[in-house]
Amino acid sequence: MLDASPLRVPSPCLHGDRGCGGCDWLHVAPSGQEGLRAAIVRDALERIGRLEVPEIRVGEDSAPGGGHRTTVRAAVAGGRAGIRHRGSHEPVRHDSCLVAHPLVEEVLVDGRFGDASGVVIRAGARTGERMVIVSPRAEEVSVPSDVVVVGDDELRAGRRVWIHEEVAGRRWRISGRSFFQSNPAAADHLVEIVAAAVAGAGPGALVDLYAGVGLFAGTVGDGREVVAVERSASSVADLRVNLAGRSPAPTIVRVPVEDWTASPAGVVVADPAREGLGKAGARAVLAAAAGRIVLVSCDAGALGRDARLLVDGGYRLVSVELVGMFGFTSNVEVVTVFDRLDPGGD
């Protein structure tokens, strides 16, 4: 290194210096991380999507000091859990973790997991509830008494366990196999951004694709008819609980988005997994013929590819906004809004 960037700082985590693969931006000042993520997103939209990119709005980091992640996936060796070493499956053992929420950090550091090979530690930051999912089975596990312990084999056999979290002023049930945002403060901001985009859409139904446990279907589009599409049986079970009492009553469709028979929509919200929509998912989104599409992406490359598919399908990119979800990493969380062109293409 000949000249250090002004954003370069000493690593605040000794475990990262020892090779822990959990955080790749320990050397970047927290104040500069969102700007660098914006540059990554712009590059993906311009280079991969071949698009003219509007100004990228950058939100504040929700937890610049760390302690924000409420879900941690760790490897286990000799009964001890640790984040995998960069480029390896071997765990780095921790006596602390910069980014884990304290409820998770305690279990990561002090928990013992017998002959397990891996563990997922989850917590509700605002409810205090905790759960560990131990692979392949939960035997000789020692964790605090309030932690729900379940083996991956039990989940595959049909056992149901869950915790709760509070986001956007609501309480959410989250089962062991269900996805939920692992930074509740950032999830609050994410909901605000999506709600504003939906509020600016024309009339018609709200279709929530990759609906998960209902974070968007349960918080945005008040007064609209809601169609929620999700493939995971675990998430759909949570979705039914979390959306109970919503008026008008939502339509819940358990099917892969790619196989969904599209229904007309005023606005589509799509929050796919890291690989993005892909061609099949984009076809499903476009088939709804919505006036507005709100896309939530957690991978810049996938966003670039998906944006190109939506633009080729008759939409224009109107806004890009980053959410400060993943401090001390290069991971991104981006909300992009696309509006349908009129028949003349204007």
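Quick caveat: nothing in here was measured; it's all calculated off a predicted structure.

Asks: Requested: an account of the pattern of salt bridges, with residues and values cited.
Replies: Between side chains of opposite charge, pairing is possible as soon as their charged atoms come close. Counting across every chain of the model gives 16 salt bridges. One salt bridge connects R57 with E321, and the closest N-O pair in it is separated by 3.1 Å. One end of the pair, R57, is in strand β1 (residues 56-61); the other, E321, is in strand β17 (residues 315-324), and 264 residues separate them in sequence. One continuous salt-bridge network, built from bridges that share partners, spans E106, R130 and D146.

Asks: Can you explain empty space enclosed by the protein? Please cite residues and give values.
Replies: According to the stated counting rule, one finds one cavity of 30 Å³ or more in the structure shown. Counted as a void, the largest cavity has a volume near 60 Å³. Looking at the largest cavity, the residues that line it are T70, T71, R122, A123, G124, I163, E165, I174, F180 and Q181. If you list the elements that add at least two residues to the lining of the largest cavity, you get β6 (118-123) and β10 (162-167). Per-class residue counts for the lining of the largest cavity are four nonpolar, four polar and two charged.

Asks: Account for the pairing of strand β15 (residues 267-270), with residues named and values stated.
Replies: Side chains V267 and V269 of β15 all project onto a buried face; the interleaved residues V268 and A270 project onto the opposite face, where all are buried too. The pairing of strand β12 (residues 206-209) with β15 spans four bridges and is classified as parallel. Counterpart to V207 in the pairing with β15 is V268. In terms of strand pairing, β15 meets strand β16 (residues 292-297) through four bridges, oriented parallel. Bridged to V267 within β16 is R292. Assessed by its sense of winding, the connection that carries the chain from β15 through helix α7 (residues 278-287) to β16 is right-handed.

Asks: Lay out the packing of aromatic side chains with the relevant residues and their values.
Replies: Overall, the coordinates contain one aromatic pair when judged by the stated rule. Consider the rings of W172 and F180, whose centres lie 6.5 Å apart with planes at 40°: the pair is tilted. A relative accessible area of 7% means that F180 is categorised as buried. Against the face of W172 rests R170, its NZ or CZ located 4.6 Å from the ring centre. The ring of W162 carries the charged tip of R173 above its face, separated from the ring centre by 4.0 Å.

Asks: Describe the environment of A116, with residues and values.
Replies: Within the fold, A116 resides in the loop between β5 (112-113) and β6. C-alpha separation for the pair A116 and G313, spaced 197 residues apart in sequence, amounts to 47 Å. Aside from chain neighbours lying at most four places away, what touches A116 is V76, V134, S135, P136 and R137.

Asks: Break down the packing of helix α2 (residues 30-48) against helix α8 (residues 300-312) for me, with residues and values.
Replies: Packing of α2 against α8 leaves a shortest axis separation of 8 Å and a crossing angle of 35°. Judged by the sense of rotation from one axis to the other, the crossing of α2 with α8 is right-handed. Of the residues in α8, those touching α2 at I40, V41, A44, L45 and I48 are A300, G301, L303, G304, R305 and A307. Taken together, the residues of the contact of α2 with α8 sort by class into eight nonpolar, two polar and one charged.

Asks: Quick one: what's the story with the sheet that holds β12, residue by residue and with numbers?
Replies: Backbone-to-backbone hydrogen bonds join strands into a sheet, with any given pair of strands oriented parallel or antiparallel. As summarised here, the arrangement of the eight strands in space is β1-β17-β18-β16-β15-β12-β13-β14, forming an open sheet in which the pairing is mixed. The strands lining the two open edges of the sheet, one partner per strand, are β1 and β14 (251-254). Here the strands of the sheet are splayed against their neighbours by 15° on average, with no regard to which way each runs. One ladder, built from four bridges, connects β1 with β17; its direction is parallel. Counted as the bridge partner of D61 is G324 from β17. Lying over the sheet, helix α6 (residues 233-242) contacts β13 (226-230) and β14, oriented at roughly 170° with respect to β14.

Asks: Can you break down the environment of E55 residue by residue, with the values?
Replies: On the secondary structure map, E55 appears in the loop between α2 and β1. A relative accessible area of 67% places E55 in the exposed class. For the pair E55 and R42, spaced 13 residues apart in sequence, the C-alpha separation works out to 9.2 Å. Sequence-distant contacts of E55, that is, excluding residues within four places in its chain, are made with R42 and V320.

Asks: Hey, could you go over the packing of α7 against α8 for me, with residue numbers and the actual values?
Replies: Orientation of α7 relative to α8, taken along the N-to-C sense of each, is 40°, at an axis distance of 10 Å. Regarding the angle of α7 to α8, the classification is oblique. α8 is crossed by α7, and the crossing has right-handed handedness. Listed contacts from α8 to G278, K279, A282, V285 and L286 of α7 are D306, L309 and L310.

Cut-off values and rules
Residues numbered from 1 in each chain as written. Predicted model: local features only at pLDDT ≥ 70, side-chain atom pairs only at ≥ 80, totals over all residues. Heavy atoms only, no water. Salt bridge = Lys/Arg side-chain N within 4 Å of Asp/Glu carboxyl O. Helix = DSSP H or I, 4+ residues; strand = E, 2+ residues; numbered from the N terminus. 1 Å grid on protein atoms, 1.4 Å probe; cavity = no way out; pocket = protein on both sides within 12 Å on 5 of 7 lines; lining within 4 Å. Points joined across faces, edges and corners; volume = space filled by probe spheres on them. Nonpolar A, V, L, I, M, F, W, Y, C, P; charged D, E, K, R; others polar. Buried < 20%, exposed > 50% of the residue type's maximum accessible area, 1.4 Å probe, protein only. Pairing = 2+ DSSP bridges. Right-handed = clockwise from strand over helix to strand, strands pointing away. Phe/Tyr/Trp six-rings, centres within 6.5 Å; stacked < 30°, edge-to-face > 60°. Lys NZ or Arg CZ within 6 Å of the ring centre and 35° of its normal. Contact = heavy atoms within 4.5 Å. Axes fitted to C-alpha atoms, helices over the stretch in contact; angles between N-to-C directions. Left-handed = near helix turned anticlockwise from the far one by under 90°. Parallel < 35°, antiparallel > 145°, perpendicular 65-115°, else oblique.

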